[in-house]
Amino acid sequence: MLKISQLTKSYDKKNIALDNLNLEIKKGELIGFIGPNGAGKTTTLKIITGIITSDKGSVEIDGHNIATDMIAAKKSFTFVPDHPEIYESISGIDYLNFIADIYDVSIEDREERIQSFSTQFQIDNALGKKINTYSHGMKQKLLITAALLPQAPLFILDEPHVGLDPHSSRVLKDLMLDHCRKGGSVLFSTHVLEVVENLCDKIAIIDKGKLIAFDTLDNISKNKDVSLEDTFLEMTDHE
Amino acid sequence: MNKLLKLIRINIKDTTGRYMQQMNAKGKISGKILALLPLLAALPAIALIVIIYNSFAQINLGYLALTYTNIAAIILMFVSSVPLIVSSFFYSKDLSMLATLPIKGRSIIIAKLAGLYPYLLIMGLVLFGTTSILYLNDTGFQIRAIIILLLAIITLPVIPLALGTLVTLPFMSLVAGRKHRNLFTVIGNLLLIGAILGIEIVMSKTVSNSEAIIKILSQKDGLLNLIGKGYPPSIWLTKGIVSSNLDILWYILVQISAFILIFLLASKIYDQALKKFNQQESSGEAQKISYKKTNIKLLLLKRNLGIIFTNPTFLLNTIMTIFIPVILFVLYSLMGIMNLNTLNNPAILPFRDFIVFGIIISPSILGSLSATSISREGKFFWETRVMPIRHEDSIASRELTTLLLNGIGQTILAITAYLILPVEPLHMLVIIITVIFTTILMSKVDLIINIERPYLNWTNPTACIKNNMNVMLSLGSRVIFGGLAFLIYYIFNNLNATYVIMLIGLLSILLYSIVLFIFKKIYLTKYSQIDAI
Ligand SMILES: Nc1ncnc2c1ncn2[C@@H]1O[C@H](COP(=O)(O)OP(=O)(O)O)[C@@H](O)[C@H]1O
Ligand SMILES: [Mg+2]
């Protein structure tokens, strides 16, 4: 579903933000992408989604290269960024219709999905209002609804749980699981370990731009007495 | 007080820092050379001032140029201060952060004004500073004059800022909390600028009455009083520099009062206008929910237009650059400056086609809408990046936006020009076709400029539009095109005007093919490599 190889990126000449990153995600997998602040999670996701370009390496989504086969690749995923900055002077429903048009969602499908997701996230009453009257969490839920709307095979989210209330956080987890059950894949970043622990098939740990682990939770904490937290802290220890 | 100074410092640091960051966006030497470009824009103004000064100096009244440019500087600063104040006070994103800090509202206002000060100071320097140097050079650099002029230049923005604040804020507090406050803001600003231009025109008309001039010239300080009539402090300043200590006192008193006025009003302004204005729109009216399909190209066009139309700063700027020729044209014809007699004068008949062509083409020459089309999106740019839209479509929709807006302005101008200055239909056709090709060329050139220098990380919409070197580069491209067009006119000056315009049209087509080739070769890829934030 997603294959990234030898991804390298530096914003300036001195610091390397991503260093030769390789990752492969299969159909139906739910992957948690964890790492300390500034590890390079957002950078990776931005390169995968075509927001920024990498210096080296390639990204393939559902068999389509993001650089050479851009449209097909972009039709294969949707993205929720860590900051809910979207064009705000339109109403929520205008935005959702816009996204549905871009991804060719039929009228029936969009009606059914928008109603379902917006009710679950409890933003159905706000859809007619301008986005700039939304709270941070509402904007985020609108973005998640928009990203779920096309039902693209790969669902990518950057720190989605930040700013969500417990109810919505739970809804999101269920929707992610549901998406994988239907054969889709999910890649989301977080720095909150609890979210990953009882949700993901596999965990990718990134530190200082390097992928230091990519495996199932069980394999990562081989020693059963040690918690993920301890393992994580040990692996990313810079002393 | 200490906190206020800190706030001012961080404000100015932020402004200059962002400017420098933008200048060196691509690092390298080219960035530093680009930083000098605004100076080039000042050159024609400086040349004009030298001419004005010399014509006054010829009749031994060099000091009158001081009065003249002092007023010009004040008016320019005042007109510019209005959109600057609106944008940095009401539509800048740092406000919510500042509002949470334990600082007095007054300090926020003063710090914001201080952030605008350097912009205005530069305008003052170009206009009044040049005259000051010329005057000092003529009068032998007397210490007294040097000190007064230096103080005058440094404090020049105080009065325009005070006036700008006084005019803008009551209006903003009036529209605050209203449903269509953005619309009101734009209309109000347009009316204000229109009114200022109108006053200018009326004032300059009274001067052109020759009988009155003779009468005025016979009085002591008659000409000085006439020129400075609209703004007495300029008279006091001029007299003060030449000799009178009393007048200098008056001038200083006015400056101080303006300063005190700002200070006294500041906290009121904060409570009455700023805080009120930044409450979210209260209208809870929700739109009906419907599910409907729209064509993707149309969607993108709508989005691009929406980004302009829902941001008052962008809207005002677009209207001003694209419709300023329309506004001036209509205003001038209304005020009788450009009446039918002057335009239908047999002496200018051979140039009529050129005049009509110049009028219709002006929106795409003066405006540089495409040069900020990517920058305008700012933090929203990632949206178009993630969606499965071809880069070609995304770019085409931006061009289409520019062409649409230009087209509206040009259609209005074409109709008005045709009514006032009828040219033969066939000539009109040639003119219109040339205008279309030139406009398409300009919009492509602007887009290349913006792809080369996108500026996405802005917090203040004015910074995106005005502070953007792209606009300068875009104007530069117009100068080059104008030069080439003039070359054609010069070489073929025995040809009929229509043929010359046709050749200019061919020039546009030729240049467009070259630009298109370069675009496809280089800039399509470069566009795809712009890093969104
Ligand atoms: N726009 C940028 N310019 C320069 N450096 C950046 C930029 N964005 C991120 N970085 C740097 O890249 C590194 C990785 O950042 P990021 O991917 O945002 O981390 P994470 O999302 O894991 O917290 C950090 O060292 C950060 O300072
Ligand atoms: Mg991040």
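Rules used throughout
Here the residue index of a chain counts from 1 through its sequence in written order. Key to labels: chains lettered from A, ligands numbered from 1, both in the order written. Per-residue local features of the predicted model are confined to residues with pLDDT of at least 70, and side-chain atom pairs are confined, for both listing and counting, to 80 or more; whole-chain, interface and lining totals are unaffected and use all residues. With hydrogens and water excluded, all non-hydrogen atoms of the structure serve as input to the side-chain values. Numbering of helices and strands runs from the N terminus; a helix is a DSSP stretch of H or I covering at least four residues, while a strand is a stretch of E covering at least two. We compute the radius of gyration from the C-alpha atoms alone; for a globule the expected value is 2.2 Å times N to the 0.38, where N is the number of residues. Contacts are assigned to residue pairs that have any heavy atoms within 4.5 Å of one another. Only four residue types enter the charge count, namely Lys and Arg as positive and Asp and Glu as negative; His and the chain termini do not. Charge coordinates come from a single atom per side chain, which is NZ of Lys, CZ of Arg, CG of Asp or CD of Glu. Classification of residues uses two cut-offs on accessible area relative to the type maximum, computed with a 1.4 Å probe and protein chains only: under 20% is buried, over 50% is exposed, and between them is partly exposed. Note: pLDDT gives the predictor's confidence per residue, expressed from 0 to 100. At least two bridges found by DSSP between two strands is the condition for calling them paired. One heavy atom suffices: a residue is near a molecule or strand as soon as one of its heavy atoms comes within 4 Å of it. The definition of a polar contact used here is a pair of N or O atoms within 3.5 Å, where within protein one atom must be able to donate a hydrogen and the other to accept one, and adjacent residues in sequence count solely through side-chain atom pairs. In this classification, Asp, Glu, Lys and Arg are treated as charged, Ala, Val, Leu, Ile, Met, Phe, Trp, Tyr, Cys and Pro as nonpolar, and every other residue, Gly included, as polar. A helix's residues, less one, multiplied by 1.5 Å, set its expected span. As annotated, the domain borders come from an automatic or database domain assignment. Using a 1.4 Å probe, buried area is obtained as the accessible area two parts lose upon being combined, added over both of them. Between Lys or Arg on one side and Asp or Glu on the other, a salt bridge is scored when a side-chain nitrogen of the former is within 4 Å of a carboxyl oxygen of the latter. Two axes are fitted around each residue, one to the seven residues ending there and one to the seven starting there, and the angle between them is reported as the bend at that residue. Orientation is described by lines fitted to C-alpha atoms, with helices fitted over the stretch in contact, and by angles between N-to-C directions that extend from 0 to 180 degrees. The patches reported here contain residues having more than 30% relative accessible area and no salt bridge. Joining distances are 9 Å for like charges and 5 Å for nonpolar side chains (Val, Leu, Ile, Met, Phe, Trp, Tyr). Calculation of accessible area relied on Shrake-Rupley with a 1.4 Å probe; when residues are assessed, cover is drawn exclusively from the protein chains displayed.

A. Highlighting the overall build of chain A. Of regular secondary structure, chain A possesses nine helices and ten strands. For 239 residues, the compact-globule formula gives about 18 Å, and the C-alpha radius of gyration of chain A, at 18 Å, lands near that figure. The principal-axis extent of the C-alpha atoms belonging to chain A is close to 50 × 40 × 35 Å. A separation threshold of at least 6 residues defines the contact pool for chain A, and within that pool the share at least 24 residues apart is 68%. Of note, chain A has its 26 positive side-chain charges centred 4 Å away from the centre of its 36 negative side-chain charges.

B. Quick peek at the overall build of chain B. Across its full length, chain B carries 24 helices and zero strands. For chain B, with 533 residues in total, the buried portion stands at 48%. A fraction of 84% describes how many contacts in chain B between residues 6 or more apart in sequence connect residues 24 or more apart.

C. Structural context of the confidence of the model for chain B. Residue and element names in this part refer to chain B. Scored by pLDDT, chain B has a mean of 80; 77% of the residues are at 70 or more. The spread of mean pLDDT over the elements of chain B runs between helix α10 (residues 210–217), the lowest at 59, and helix α21 (residues 425–452), the highest at 94. The ipTM assigned to the predicted complex is 0.76, against a pTM of 0.72.

D. Region of the structure containing the pairing of strand β9 (residues 202–207) of chain A. Residues and elements named next belong to chain A. Most of β9 sits inside the fold, with six of its six residues counted as buried. In β9, alternate side chains face the same way, and those of Lys202, Ala204 and Ile206 on one face and Ile203, Ile205 and Asp207 on the other are all buried. In this sheet, β9 lies alongside strand β3 (residues 30–34) in parallel orientation, the contact comprising four bridges. Directly across from isoleucine 31, in β9, lies its bridge partner lysine 202. Note that β9 and strand β10 (residues 210–215) share five bridges and pair antiparallel. The residue of β10 that forms the bridge with isoleucine 205 is alanine 213. Linking two consecutive strands that pair antiparallel, namely β9 and β10, is a turn of two residues; a positive phi of about 45° is found at lysine 208 within it.

E. Quick peek at the site of ligand 1. Residue and element names in this part refer to chain A. The immediate surroundings of ligand 1 are formed by Tyr11, Ala17, Pro36, Asn37, Gly38, Ala39, Gly40, Lys41, Thr42 and Thr43. Contact distances for ligand 1 include 2.5 Å between an oxygen atom and a side-chain N or O atom of threonine 43. For the shell around ligand 1, the per-class residue count stands at four nonpolar, five polar and one charged.

F. Up close: helix α6 (residues 166–181) of chain A. Residues and elements named next belong to chain A. In this model, α6 (16 residues) spans 23 Å end to end at C-alpha, consistent with the 22 Å of a helix rising 1.5 Å per residue. Of the residues making up α6, those classed as buried are Ser168, Ser169, Val171, Leu172, Leu175, Met176, His179 and Cys180. Where α6 is buried, its residues meet β3, α4 (107–120), α5 (136–148), β7 (154–158) and β8 (185–190).

G. Representation of the domain arrangement of chain A within the structure. All names here are of chain A. Here chain A is described as being made up of domain 1 (1–76 + 153–239) and domain 2 (84–151). One C-alpha centre belongs to domain 1, the other to domain 2, and the line joining them spans 24 Å. Domain 1 puts 16 residues into the contact, and the matching count from domain 2 is 13 residues. When domain 1 packs against domain 2, close to 1,200 Å² is buried across both sides, 61% of that on carbon and sulfur atoms. Applying the counting rule to domain 1 against domain 2 returns one salt bridge. Aspartate 165 serves as the salt-bridge partner of lysine 141, at 3.7 Å between the closest nitrogen and oxygen. With five residues, the top contributor of residues to the side of domain 1 that touches domain 2 is α6. Its residues assigned to classes, the side of domain 1 that touches domain 2 shows eight nonpolar, three polar and five charged.

H. Inspection of helix α6 (residues 105–139) of chain B at higher detail. The largest bend along α6 of chain B measures about 40° and falls at leucine 125 of chain B. Taken from the residues just after α6 of chain B, glycine 140 of chain B is the one with a positive phi, measuring 80°.

I. Just the sheet that holds strand β4 (residues 56–61) of chain A, in detail. Residue and element names in this part refer to chain A. With respect to topology, four strands assemble into an open sheet ordered β2-β1-β4-β5, the strand pairing being antiparallel. Single-partner strands in this sheet number two, and they are β2 (18–25) and β5 (64–65). Alignment of strand β1 (residues 2–9) against β2, held across five bridges, turns out to be antiparallel. Note that in β2 the partner of isoleucine 4 across the bridge is leucine 23. On the sheet, helix α1 (residues 41–48) packs against β1, β2 and β4 and is oriented at approximately 120° with respect to β1.

J. Examining the sheet that holds β7 of chain A more closely. All names here are of chain A. Pairing is mixed in the open sheet, where six strands are placed in the order β6-β7-β8-β3-β9-β10. Strands at the two margins of the open sheet, each flanked by one partner only, are β6 (77–80) and β10. Between one strand axis and the next, the sheet turns by 15° as a mean value, whatever way the strands run. As paired elements, β3 and β8 share five bridges and run parallel to each other. Bridging from a neighbouring strand, leucine 30 pairs with valine 186 of β8.

K. Representation of the interface of chain B and chain A within the structure. Counting residues at the interface gives 34 residues for chain B, matched by 43 residues for chain A. Across the interface of chain B and chain A, roughly 3,500 Å² is buried in total on both sides, 63% from carbon and sulfur atoms. Sorting the residues of chain B by area buried against chain A places Tyr291, Trp382 and Pro388 of chain B first, and these three jointly supply 23% of that buried surface. There are one salt bridge connecting chain B and chain A. Between aspartate 531 of chain B and lysine 9 of chain A there is a salt bridge whose closest N-O contact spans 3.0 Å. Our count for the contact surface shared by chain B and chain A stands at ten residue pairs in polar contact (both at pLDDT 80 or more). Listed by contribution, the elements that provide at least two residues to the side of chain B that touches chain A are α14 (296–309) and α19 (381–386) of chain B. Per-element accounting of the side of chain B that touches chain A gives the leading share, six residues, to α14 of chain B. Looking at side-chain class alone, the side of chain B that touches chain A contains 16 nonpolar, ten polar and eight charged residues.

L. Spotlight on a negative patch on the surface. Residue and element names in this part refer to chain A. On the surface, Glu194, Glu197, Glu229, Asp230, Glu234 and Asp237 cluster together to form a negatively charged patch. No other element matches the three residues that helix α9 (residues 228–235) contributes to the negative patch. With respect to the helices, strands and loops of the structure, glutamate 194 is situated in helix α7 (residues 193–197).

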